[in-house]
Amino acid sequence: MLRFKILASLVPLLAAAVFARAEIGSVSHPCIALGETSVELTSVFWTAGVHVAFTDDPAQATVRVQVTDNADAADFAVVDDGLGSESDSCQGNPSTRLVSIAAQPVDGGQVIYLSTEGPADYRIYVRSKTFSQREAAALIVGARGGHGHLQAASL
């Protein structure tokens with residue numbers, strides 16, 4: 001009888017775990033496609049190959065990202081709310097690079113200083129209902145590891 005009670009109590013827990021896993025897997029995260037590779041933000045820290053953090057102190061930053069109001073002046077522009085946005089450009093890509101935003105700097109990870117003034121390693125323009133400025137900055141830095149400039153990216 002005790003085994004039956006234990007089994008009966010485990011079934012709802014297993015069902016909840018399966019449901020939670022399906023929910024986590026179905027959540028869409030900001031993602032950009034870079035040729036054959038895609039870069040996607042993940043909230044699951046241990047699955048990410050790249051970790052970035054943000055700072056309010058420019059002296060602690062390893063990468064500076066400037067938010068600009070002019071898309072023509074930006075190295076990376078996110079405008080995904082109009083017709084023709086490519087919402088499925090990252091789906092089904094086997095070579096996805098996962099990026100997480102850490103609360104504190106991680107050893108070897110980039111630390112981003114995000115501001116509206118230069119100098120900057122990257123300039124971004126963000127007009128989006130799905131991407132925040134922080135997410136766009138994390139994606140661009142995660143895509144290149146803080147080195148070099150992107151040639152072309154799409155949503």
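As shown above, the structure is provided for reference.
Residues numbered from 1 in each chain as written. Predicted model: local features only at pLDDT ≥ 70, side-chain atom pairs only at ≥ 80, totals over all residues. Heavy atoms only, no water.

A. How the structure looks around the side chain of Ser100. Structurally, Ser100 is set in strand S6 (residues 96-102). Within the structure, Ser100 has its side chain in polar contact with the side chain of His51 (distance 2.6 Å). Beyond its immediate stretch of four places on either side in the chain, Ser100 contacts Thr42, Phe45, Ala48, Val50, His51 and Val52. (Helix = DSSP H or I, 4+ residues; strand = E, 2+ residues; numbered from the N terminus. Polar contact = N/O pair within 3.5 Å; in protein donor to acceptor, adjacent residues only side chain to side chain. Contact = heavy atoms within 4.5 Å.)

B. Representation of the nonpolar core. In terms of nonpolar packing, the biggest core is built from 25 residues, with Ile32, Val65, Ile124 and Val141 touching the most fellow members. Of the residues forming this core, the biggest block, seven residues, is contributed by helix H2 (residues 133-144). (Core = buried A, V, L, I, M, F, W, Y, C linked by side-chain atoms within 4.5 Å. Buried < 20%, exposed > 50% of the residue type's maximum accessible area, 1.4 Å probe, protein only.)

C. View of the pairing of strand S7 (residues 110-115). By the criterion of burial, S7 is predominantly enclosed, with five of the six residues buried. In this structure, strand S4 (residues 63-67) lies alongside S7, joined through four bridges in parallel fashion. Within S7, the residue paired with Val65 across the bridge is Leu114. (Pairing = 2+ DSSP bridges.)

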